[in-house]
Amino acid sequence: MLASVVGVAAVVLATSQPALAATSVNLPLSSWAYLDSQSPKTKFVNPAVAPPVGTILDDANKAHTYRSYFTYDLTQLKGAVVHSSYLYTYEDTVTDCSTAATIELWRTAPVKAGTTWNNPPAELDKLISVNRGAGAYCPGYLGVDMVSTLNAALGRHEKSITIEYRITAAQEADPRAGRTFQQPTLSSTSNHPPTVTEPRLESPTRPCGTVDKPSPAGASTLFRATANDPDEGDSPSILYAIWPVDHPDQRREFSSYNYGTDLSQYADGELLAWQAQGRDYYDAGPWSKICYLVMDKTAPANPPGVASKLYPEGTTPGGGTGLKGKFRLDAGGDLDVVGFAWRDSSGYNGQVKARHPGGTAVLEYTPKRDRFEELTFHSVDAVGNRGPEKRYRFNIADTAPNVQIELGGVGLPSTLALTARKPETTAFGYQIKGGPETRVPAVDGAATGQLTFTATGEVEVVVSSYVNKKLIGQDTLRVYVTDAPGVASAEFNFDTDQIAGKTGSFTFTPRNSDVVAYEYVLNGVAETVQAAADKTAVVSWTATAGWHDMVVRSVRADGEKSMEAYHQFNVIDPVPNLYSPTLQHLNRIDGVGLPVQFYVSSRLPDVTGYAYRFDGEPEVAIDGGGGSTEFTVTPTHIGDNTLIVQALLADGTRSPEKTFTWQPFEAPVVSTDPASGGADGQPMTLTFRSVLPDTKEFRYSLDFSEYQTVAARPDGTATVSFTPQSGGGWFSARVAGVAQDGTTSPEREMTVPVRDTRVSVWSEFSEWSPRGGIGVPGDFSFSTSWTPEVVEYRYRLNDGPELTVAIGDSWSTRVTVVPDRNGLNMLTVQGRTEDGRLSPVTEYPFQVGTAPYVFSEEYPQSTPGGGVGLEGRFEFSGGTAGITSFEYTIGGVPGTVEANAEGRASITWTPTEATGTYLVVKGRKADGSTTDEVWYFVVVKSG
């Protein structure tokens, strides 16, 4: 009957997923049921219908009132925190969308075996009460946030949750409010907070500690705990907290890093509590149990005693290279000492435990160096506090043999030449590390032996010295074994440069026991040569110029190839090398009548110079004793131009000729007036000269403007005027010649410098910070790029007279001006050319302070003057108006001097020693205010 009323709805149950960090799932629907008022003693579990809610009339017009219950499995959320959750569904059918209905969702007690309409689950919490119908979107959506509800259920350790859908009691019997729903979905995004176990202290390791037996801790302590997070992919961190036991209000939290946590703020002997907490990206877990530590900031008072029979302290050689020694360490009965830390001069270090607190320990140490070694020792207490250091310096007898290994290769014997460092050596031992040792007698302190390596790669070879059967020294060598063949040549090697044309040979020798041939690559050409009966091969070669890399491999009978051998050598080219930077530009800059620069060099020995012939002209000899030099030639026509160069040798002979032919660029040649380029805002001329006959005009563009034409004169030239307006920089010129028949030459593209005509001013005076004072001279430097046209500078201070200074020979010209006012001053400057043209005005504002002017003829500022016992006069003036006195300090002695009506004063001072001292002066006005200070450095001559 119900199916015919409310239809059939599909049942979709979410499946469980593995726990991941911040896992998002749809929680499994364990079951659902509805209750029907017409069946008061029955419940309907997991029926294949759309869940009904409210009153619905059946086909017989009989009213059924329904409530639906949904139970969700929460077991996969055990121990988790829910961060996002939503219970949502859609209305499937609604009896009357115009009727207002209030839908309620309740958390209820579970649906049990005895659940019926007459015995429904208890309604525990109303989750939502919403109005639907009466004009709202219908059928519609219904959802509720479940975060707090789920977390509360988890807090009660509930394994499931049951949700009731119903119509509010006042409307529940109204058949117009009846509706069915799609089965609701309960989503969840949750995370398991990490937990911590094994809280402890480390370096050294100590337990958590109890209040009765706290673990000792030093001023820097390493806290550790183990973080446990059931969510895969999480990387939890650990937070620690610590506080004095009697002051929990002083609790502080921190992270423990590998270099330790600073506890120096706590007093020695203070009892502290601490605990740890795991945290991931989403949640903080519970704090661990409380641990306890007691501060121990007192290090052992004394360094340890150190002794060794084999390696006594001092300069007397003991033991031997590679021989293990025992070092006895003694805490001297200090019960605070539980171990000893050590470090050698190479940085190797460690720690050994004392047999009992205050007792001894033995360090077994094998010196890694010859001759002197130094070990540094500290006594260590239970928390790692280190006492004073003991440096134990000792001498190691040089007893290991000296070894030279002539590598044979793989499967071939390698020869060891062993030499004794101790005359009493009677035998040597050698072995591949881990393999059997071979011993050979020492004859006159030397011996030879053979080892056969079976594979390529790094191999450790141990060599030993013996006196009879007693080991007196040992060393371990790292040998790189290769089966790359040997390559040798008397003529062509890295140390000898032959000259091209020389004939010589290369000899290949095996480093493998099964060689039948050799493959080699020289100058990019691969060749194979068969091995002779002795497994060697010889290859002849006639040298070609250049740097050569030869790669050689041996070939075994089974076709396997060895590692590669590399052989490098150089062959000198007897022909000189010729290079022209002029001809390398992407946009060509050469042309008829334009000089072309060449560099010539030769690696032939005993070069004294070079001789060149250009385009049929007489030969020119130039010096080139250093092996290289440069020269220029100027082509006079288009077409082929040929340069022939030879190196001149000390014996009077010459190298073969180097011939270089090129065709000068056929674009018009451009010259500028001024020759140094343009100047901003100043007219200039460009002259085009064609190198092709019968040119009627030139087609040109200046600074990327539209192309224009200008007629050519009978001599093939034309001139155009141009005034650049670039503010300094460059402008572009493009020009091509056009012949009478309309053919066009290549286009020349060039950049022409444009000089800035403005004057630049530099000074220690600036617009931002006051300097000096009225009457205090200041230096200013003028410079301009508009040279050599500018011959003088015209300048004016404030509204004063215009002054002139000729331009100097250096890049800048310095002038001295004397400010006549405090505060902002203005210096204006222009450059003037010889023909009377003026540059734009440059304004240089600067601030003038109130410091007085100090002058001394006997003791100039920062310049040695006067002498011991020679009186100097120092005059004070200026700074600002209204000065009534000057206060000063010289040589640390203060003083005051009254100023005259002009605001001037002077003092005298006689130095008693040849030194430098500061004279510090400031003016005082009638109102009591003072000026800026001036620091005047006085240097007294000695002698």
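Residues numbered from 1 in each chain as written. Predicted model: local features only at pLDDT ≥ 70, side-chain atom pairs only at ≥ 80, totals over all residues. Heavy atoms only, no water.

1. So, the sheet that holds strand E46 (residues 596-601)
Across the sheet, three strands lie side by side as E45-E46-E49; this open sheet has antiparallel pairing. Since the sheet does not close on itself, it has two edges, and those belong to strand E45 (577-579) and strand E49 (628-633), each with one partner. For this sheet, the mean inter-axis angle between neighbouring strands, taken without regard to orientation, is 25 degrees. Direction of pairing for E46 relative to E49: antiparallel, over a ladder of six bridges. Across the sheet, valine 600 pairs through a bridge with threonine 629, a residue of E49. (Pairing = 2+ DSSP bridges. Helix = DSSP H or I, 4+ residues; strand = E, 2+ residues; numbered from the N terminus. Axes fitted to C-alpha atoms, helices over the stretch in contact; angles between N-to-C directions.)

2. Quick word on the nonpolar core
Ranked by internal contacts, the top residues of the largest apolar core, which has 32 residues, are Leu87, Leu105, Met146 and Leu150. Tallying contributions element by element places strand E10 (residues 160-167) first for this core, with four residues. Once residues lying within four places of it in the same chain are set aside, the contact partners of leucine 105 are Leu87, Asp125, Lys126, Leu127, Ile128, Leu142, Val144, Ile163, Glu164 and Tyr165. Counting residues in each nonpolar core, the second largest holds 20 residues, with Ala851, Phe874, Tyr888 and Ile890 among its members. (Core = buried A, V, L, I, M, F, W, Y, C linked by side-chain atoms within 4.5 Å. Buried < 20%, exposed > 50% of the residue type's maximum accessible area, 1.4 Å probe, protein only. Contact = heavy atoms within 4.5 Å.)

3. Some words on helix H2 (residues 147-155)
Three or more residues of H2 are buried, namely Val147, Thr149, Leu150, Ala153 and Leu154. Close packing links the buried residues of H2 with strand E6 (81-94), strand E7 (101-108), strand E8 (123-132), strand E9 (141-145), E10 and strand E12 (185-191). Following H2 by one or two positions, histidine 157 has its phi on the positive side, about 60 degrees.

4. So, the state of the cysteines
Applying the stated criterion to the full structure yields two disulfides. Here cysteine 97 pairs with cysteine 138 through a disulfide, and the sulfurs are 1.9 Å apart. An S-S torsion of about -70 degrees defines the bridge between cysteine 97 and cysteine 138 as left-handed. With cysteine 97 in the loop between E6 and E7 and cysteine 138 in the loop between E8 and E9, this residue pair connects regions lying 41 residues apart in the sequence. One disulfide in the model links cysteine 208 with cysteine 291; its S-S distance is 1.9 Å. Taking the torsion about the sulfur-sulfur bond, which here is approximately -110 degrees, the covalent link between cysteine 208 and cysteine 291 counts as left-handed. On the criterion of sequence distance, the pair formed by cysteine 208 in the loop between strand E13 (195-202) and strand E14 (215-217) and cysteine 291 in strand E21 (residues 291-295) is long-range, its members being 83 residues apart. According to the relative accessible area criterion, cysteine 291 is buried, its value standing at 0%. (Disulfide = S-S within 2.5 Å.)

5. Looking at the pattern of salt bridges
Under the definition given, this model contains 42 salt bridges. Of the charged contacts in the structure, one is a salt bridge between arginine 166 and glutamate 172, with a shortest N-O distance of 3.1 Å. We classify glutamate 172 as buried; its relative accessible area is 7%. The salt bridge partner of aspartate 398 is arginine 371, with a shortest N-O separation of 3.9 Å. Of this pair, aspartate 398 sits in the loop between strand E29 (386-396) and strand E30 (402-406) while arginine 371 is found in strand E28 (residues 371-381), placing the two residues 27 residues apart along the sequence. (Salt bridge = Lys/Arg side-chain N within 4 Å of Asp/Glu carboxyl O.)

6. So, the side chain of threonine 784
Among the secondary structure elements, threonine 784 is positioned in strand E61 (residues 778-784). Given the relative accessible area of 14%, threonine 784 is considered buried. One polar contact links the side chain of threonine 784 to the main-chain carbonyl oxygen of arginine 758, over a distance of 3.3 Å. At 3.1 Å, the side chain of threonine 784 and the backbone nitrogen of tryptophan 786 are in polar contact. Excluding anything up to four places from it in sequence, threonine 784 contacts Asp756, Thr757, Arg758, Val790, Tyr793 and Ile807. (Polar contact = N/O pair within 3.5 Å; in protein donor to acceptor, adjacent residues only side chain to side chain.)

7. Concerning the sheet that holds strand E58 (residues 729-739)
On the basis of which strands lie adjacent, the open sheet formed by five strands has the order E53-E59-E58-E55-E56 and mixed pairing. The open sheet has two free edges, formed respectively by strand E53 (678-679) and strand E56 (708-711), since each of these has just one partner strand. Alignment of E53 against strand E59 (residues 748-755), held across two bridges, turns out to be parallel. What sits directly across from alanine 679, in E59, is arginine 755.

8. Some points on the environment of tyrosine 34
You can see tyrosine 34 is positioned in strand E2 (residues 29-36). The class of tyrosine 34 is buried, set by a relative accessible area of 5%.

9. A few points about the packing of aromatic side chains
Under the counting rule described, the total for this entry stands at 54 aromatic pairs. A centroid spacing of 5.8 Å and a plane angle of 20 degrees characterise the contact between tyrosine 240 and phenylalanine 254, whose relative ring orientation is stacked. Of the two residues, tyrosine 240 is situated in strand E16 (residues 237-244) and phenylalanine 254 in strand E17 (residues 252-254); the sequence distance between them amounts to 14 residues. This pair shows no difference in class: tyrosine 240 is buried, exactly as phenylalanine 254 is. Aromatic pair phenylalanine 782 and tyrosine 793: ring centres 5.5 Å apart, planes at 65 degrees, arrangement edge-to-face. Of this pair, phenylalanine 782 sits in strand E61 while tyrosine 793 sits in strand E62 (residues 790-797); the two residues are eleven residues apart in sequence, bridging distant segments of the chain. For the pair shown, phenylalanine 782 and tyrosine 793 are each scored as buried. Among the aromatic side chains, those forming a connected cluster through ring pairs are Trp32, Tyr34, Phe44, Tyr66, Phe70, Tyr165 and Phe181. Over the ring of tryptophan 117 we find arginine 67; its NZ or CZ atom is 4.6 Å from the centre of that ring. The lysine or arginine in question, arginine 393, covers the ring of phenylalanine 372, its NZ or CZ lying 4.6 Å from the ring centre. (Phe/Tyr/Trp six-rings, centres within 6.5 Å; stacked < 30°, edge-to-face > 60°. Lys NZ or Arg CZ within 6 Å of the ring centre and 35° of its normal.)

10. A look at a nonpolar patch on the surface
Side chains of Tyr86, Tyr90 and Tyr141 sit close together on the surface and give an oily, nonpolar patch of about 280 Å² of accessible area. If you trace the backbone, tyrosine 90 turns up in strand E6. For tyrosine 90, a relative accessible area of 40% corresponds to the partly exposed category. (Patch = residues over 30% accessible without salt bridge, like charges linked within 9 Å, V, L, I, M, F, W, Y side chains within 5 Å. Areas by Shrake-Rupley, 256 points an atom, 1.4 Å probe, with all protein chains shown as cover.)

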